[in-house]
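# Tertiary structure, described
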Amino acid sequence: MLIRRPPDIPTSEITEERHYVSRRAWLAAAGVTAVAITANRVMAARGKSPAPVVGAEAFADDPTSFKDITTYNNFYEFGTGKDDPAKNAHTLRPRPWSVVVEGDVKKPGRYDLDDLLKGIPVVDRTYRHRCVEAWSMVIPWNGIQLKDLINRLEPGTKAKYIEFHTLYDTTQMPMQRTNIMPWPYVEGLRMDEARHPLTLLATGLYGKSLLNQNGAPLRLVVPWKYGFKGGKSIVKIRFVEEQPRNSWQLLAPDEYGFFANVNPAVDHPRWSQARERRIGDFLKRPTLPFNGYADQVASLYAGMDPRTLY
Ligand SMILES: Nc1nc2c(c(=O)[nH]1)N[C@H]1C(S)=C(S)[C@@H](COP(=O)(O)O)O[C@H]1N2
Ligand SMILES: [Mo]
């Protein structure tokens, strides 16, 4: 297989870093602390509760705007630019939609999506979402807990991992005619991660059905992991014994591990993961271990070397 890095990842990242550096230099001159405190007072004056304090700086953790969530995307099937998915994803047809279930499971088959999810309780969850590229958002998702679907499908004892495949259809997803990534986009979780109550299969956000650019009609959401674990427009779910080989790992194994937990202590080979820019914010903020969900999920990795959890 031809393995090649999409040229625009390093480019966009380098551009972003350059912004940060100049911005940081400017802030140093202006006095960062004064800016942060003023921002907080302005928020309080607007009747918003004061921002939670993280380290020495203060930041808001409000949901990102619907506009930003739906126009600043990563969905390489529609292009590598952040605005490409919103412009190009109209060719995706999210209904009718079927999902194939395979592997060590009592109820394999091809399901119509509505039948597959019928009767499973819908949940609303606002989660932080952090991309490996060091930007983040806060997204009010709705969908189901993945564990409820797993229980319905009844995996067997050999199912140690669960694998998710994005649609492969070059008429609906034109960039799949290129080899910028191995297609279809594949992601995987260990079964205990998949069964964790925080893990969702999202069908909407801001109370509406998912727009195509966000992975309609069904996408994975794992809030303590880098955003690339959130495979979009899922058509296949496999229950497997071997650790899945996800697309980013196939593309650049030294850069993207299987677990992909948000870990500020392990830098990406080409940039730091210590901080992030929340979309819509001016200042960068520290990145939190497990994206701030350590209390809920750190126990899943007890005994594992934290340096391997990138
Ligand atoms: N099929 C598919 N799923 C994908 C991607 C992709 O390119 N293709 N990008 C991933 C990355 S890197 C991120 S950060 C999130 C972005 O989700 P959002 O655009 O809804 O914020 O989707 C993930 N899921
Ligand atoms: Mo990402």
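Structural notes, computed from the coordinates. (Residues numbered from 1 in each chain as written. Chains lettered and ligands numbered in written order. Predicted model: local features only at pLDDT ≥ 70, side-chain atom pairs only at ≥ 80, totals over all residues. Heavy atoms only, no water.)

## Digging into helix α6 (residues 146-153)
Stated precisely, the cut-off is as follows: Exposure categories follow from relative accessible area, calculated using a 1.4 Å probe and restricted to protein chains: below 20% of the type maximum is buried, above 50% is exposed, and the middle band is partly exposed. Each helix is a run of DSSP H or I of at least 4 residues and each strand a run of E of at least 2, with the numbering of both proceeding from the N terminus.
Within α6, burial applies to Leu146, Asp148, Leu149, Ile150 and Leu153. Where α6 terminates, the next one or two residues include Glu154, which has phi positive at roughly 55°.

## Let's talk about unusual backbone geometry
A cis amide bond, omega -5°, links Trp183 with the succeeding residue Pro184. Position of Pro184 relative to the elements: it lies in the loop between β7 (161-166) and β8 (186-190). Look at the link from Ala216 to Pro217: it is a cis peptide, with omega at 0°. Look at Tyr206: it is not a glycine, yet its phi comes out positive at around 50°. Relative to the elements of secondary structure, Tyr206 occurs in the loop between β9 (200-205) and β10 (208-209). Its relative accessible area of 34% is what places Tyr206 among the partly exposed residues.

## Describing the sheet that holds strand β4 (residues 109-112)
The line we're drawing: The criterion for strand pairing is that DSSP finds at least two bridges linking the strands in question. Fitting a line to C-alpha atoms yields each axis, with helices limited to the stretch in contact; the angle taken between N-to-C directions then spans 0 to 180 degrees.
Spatial ordering of the open sheet is given by β4-β3-β12-β7-β8, a layout of five strands whose pairing is mixed. Bordering the open sheet on either side are β4 and β8, each of which pairs with just one other strand. Averaged over all neighbouring strand pairs, the angle between strand axes comes to 20°, with direction disregarded. Here β7 pairs with β8 via five bridges, running antiparallel.

## With respect to the side chain of Glu77
Rule in force here: In this tally Asp and Glu are treated as negative and Lys and Arg as positive; neither His nor the chain ends contributes. What makes a salt bridge here is a side-chain nitrogen of Lys or Arg within 4 Å of a carboxyl oxygen of Asp or Glu, nothing more. By definition, residues are in contact when any of their heavy atoms lie within 4.5 Å.
Relative to the helices and strands, Glu77 resides in the loop between α3 (66-71) and α4 (84-88). Although Glu77 is buried, it makes no salt bridge; Lys232 carries the closest opposite charge, 7.5 Å away. Discounting residues that sit within four places of it in the chain, Glu77 has contacts with Thr166, Met173, Pro174, Met175, Gln176, Trp183 and Tyr185.

## Some words on the pairing of strand β3 (residues 98-103)
Two strands pair when backbone bridges link them, and β3 and β4 are joined in this way by four bridges, in the antiparallel orientation. Bridge pairing in β4 links Val99 to Tyr111. Where β3 folds back on β4, the antiparallel hairpin that results is connected by five residues. Where β3 lies against strand β12 (residues 234-240), four bridges are found, and the strand directions are parallel. Residue pairing in the sheet places Val100 in a bridge with Lys236 of β12.

## Some remarks on the pattern of salt bridges
In total, this model carries 19 salt bridges according to the counting rule given. For the salt bridge of Glu102 with Arg238, the shortest nitrogen-to-oxygen distance reads 2.9 Å. Here Glu102, found in strand β3, pairs with Arg238, found in strand β12; they are 136 residues apart in sequence, far enough to count as distant. Classification of Arg238 as partly exposed rests on a relative accessible area of 27%. Through salt bridges with shared partners, a single ionic network connects Asp61, Arg128, Arg130, Glu276 and Arg278.

## Thoughts on the nonpolar core
Under the convention used in this document: To define a nonpolar core, start from buried Ala, Val, Leu, Ile, Met, Phe, Trp, Tyr and Cys residues and group those joined through side-chain atoms within 4.5 Å.
Within the largest apolar cluster, 76 residues are counted, with the highest numbers of intra-cluster contacts made by Trp141, Ile162, Phe164, Leu201, Trp224 and Phe239. For Leu201, the residues in contact, after removing those within four places along its chain, are Gly143, Ile144, Leu146, Leu149, Phe164, Leu218, Arg219, Leu220 and Ile234.

## Side note on the site of ligand 1
To keep things clear, this is the line we draw: A molecule or strand has a residue near it when one of that residue's heavy atoms lies within 4 Å. Pairs of N or O atoms are called polar contacts if they sit within 3.5 Å, as long as, within protein, a hydrogen donor faces a hydrogen acceptor (for residues adjacent in sequence, only side-chain-to-side-chain pairs). Polar here means any residue outside two lists: the nonpolar Ala, Val, Leu, Ile, Met, Phe, Trp, Tyr, Cys and Pro, and the charged Asp, Glu, Lys and Arg; Gly therefore counts as polar.
Within the structure, ligand 1 sits among 16 residues, and Asn73, Tyr76, Glu77, Gly230 and Lys232 are positioned closest to it. A distance of 2.8 Å separates a nitrogen atom of ligand 1 from a polar atom in the side chain of Glu77. Here the shell around ligand 1 is composed, by residue class, of five nonpolar, eight polar and three charged.

## Some details on the packing of aromatic side chains
Geometrically, a pair of aromatic rings is defined through the distance of the ring centres and the angle of the planes. Our working rule: Here a Phe, Tyr or Trp ring, Trp counted by its six-membered ring, pairs with any other such ring whose centre lies within 6.5 Å, and the pair is stacked when the planes are under 30 degrees apart, edge-to-face when over 60, and tilted otherwise.
Under the criterion given, the structure shown has 12 aromatic pairs. With 4.9 Å between their ring centres and 85° between their planes, Phe75 and Phe78 make a pair best called edge-to-face. The same class applies to Phe75 and to Phe78, which are both buried. Here Tyr161 and Phe258 contribute two aromatic rings whose centre-to-centre distance is 5.6 Å and whose plane-to-plane angle is 90°, an arrangement assigned as edge-to-face. Of this pair, Tyr161 sits in strand β7 while Phe258 sits in the loop between α8 (247-251) and β13 (275-278), and the two are 97 residues apart along the sequence. Look at Phe258 and you get buried, because its relative accessible area is 5%. Taken together, Tyr161, Phe258, Phe259, Phe290 and Tyr301 form an aromatic cluster joined through their ring pairs.

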